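Reading the structure
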Amino acid sequence: MSDHDHGERHGAGDDGHRRDDGDGGHHHGHDDHDHGGDDHHHDHHHHDVADLEAAVLTISSTRDVDDDPAGDAIAELLHEAGHSVSVRRVVDDDYDEIQTAVSRMADRGDVDVTVTTGGTGVTPDDRTVEATAQLFGKTLPGFGELFRRLSYDEIGTKVVGTRATAGIVDGMPTFCLPGSENAARLGTAEIIVPEAPHLTGLARRDAE
């Protein structure tokens, strides 16, 4: 499927994506961000979850765990950041299977955050966004917006072909990345690793 058709451009994926080493230091304004004084800044990350347990789900009908460069890249970057990967699976390109797999991750006690890779393109069998978005209690539109912004310098207007998205599923941040290894690296290193601990803490705060 298109997630693994890397095309003629180096490192291109389902959206023609390649690795972008652009500035990942963007700090976007969460609606709870306080920029006023030192006391507010000190409290900002009070609820962060420092050591995350992650699920990495590769959405593909052709891959397996032994042939999964995008999933490998996500797991590698999470480990390097001090987090653990408690679930690593390949899920078939099927709406119900994708939705069930993501929902089950939220029901487990050993998963704080889920990252999917694959199925975010525009071909008929790209179903990750449709299946996962139905589970979002809250959407995180800034994730897809920033991912496409970081991608633009490399692939130009081809960024319109990626529907990378994110949201909160029963208190669990869930990020949906394209299926190419380079896209997975970009989204994980530049956005997920810096922001997932904070988002996880915020998503759980009401339940505490």
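Owing to the predicted nature of the structure, the values given are computational and were not obtained by experimental measurement.

Turning next to the confidence of the model for the protein chain. Mean pLDDT over the protein chain works out to 83, with 76% of the residues at or above the 70 mark. Scored below 50 in pLDDT, residues 1-13 shows 39 contacts in the model against residues more than four places distant or in partner chains. Ignoring residues within four places in sequence, the model shows residues 33-42, a span with pLDDT below 50, making 4 contacts including any to other chains.

As a further point, take the pattern of salt bridges. Oppositely charged side chains can pair when the atoms bearing their charge come close. Tallied over the entire structure, the rule returns 8 salt bridges. Residue Asp 67 is joined to Arg 63 by a salt bridge in which the shortest nitrogen-to-oxygen separation is 3.0 Å. A salt bridge links Arg 185 to Glu 181; the nearest nitrogen and oxygen atoms lie 3.3 Å apart. With Arg 185 and Glu 181 both in helix α6 (residues 181-205) and 4 residues apart, the pair spans about one turn of that helix. One network of salt bridges, with partners in common, ties together Asp 68, Asp 72 and Arg 88.

The backbone phi angle of Asp 170 is positive, close to 50 degrees, even though this residue is not glycine. With respect to the helices and strands, the residue Asp 170 is situated in the loop between β5 (165-169) and β6 (172-177).

Here we take up the pairing of β5. Where a strand is regular, its side chains alternate between the two sheet faces. Of all 5 residues in β5, 5 are buried, a share of seventy percent or more. Of the two faces of β5, the one lined by Thr 165, Gly 167 and Val 169 and the one lined by Ala 166 and Ile 168 are each fully buried. Pairing of strand β4 (residues 138-139) with β5 involves 2 bridges; the strand directions are antiparallel. For Thr 139, the partnering residue across the bridge sits in β5 and is Gly 167.

The next point concerns the environment of Gly 142. Position of Gly 142 relative to the elements: it lies in helix α5 (residues 141-155). Residue Gly 142 is classed as partly exposed on the basis of its relative accessible area of 38%. On a C-alpha basis, the gap between Gly 142 and Gly 167 in space is 9.9 Å, while along the polypeptide they are 25 residues apart.

How each quantity is defined
For every chain, the first residue of the written sequence is number 1, and numbering continues from 1 onward in sequence order. In keeping with the predicted nature of the model, local features appear solely for residues at pLDDT of at least 70, side-chain atom pairs appear and are counted solely at 80 or more, and the whole-chain, interface and lining totals rest on all residues. Computation of side-chain values covers all heavy atoms of the structure but excludes hydrogens and water. pLDDT is a per-residue confidence score from the predictor, ranging from 0 to 100. Contact criterion: two residues are considered in contact whenever any of their non-hydrogen atoms come within 4.5 Å of each other. Here, a salt bridge means any Lys or Arg side-chain nitrogen found within 4 Å of an Asp or Glu carboxyl oxygen. Helix and strand labels come from DSSP, where a helix needs a run of H or I of at least four residues and a strand needs a run of E of at least two; each type is numbered from the N terminus. Exposed residues in this analysis have more than 50% of their type's maximum accessible area, buried residues have under 20%, and partly exposed residues fall in between, with area computed by a 1.4 Å probe over protein chains only. Here the rule is simple: two strands pair whenever DSSP picks up at least two bridges between them.

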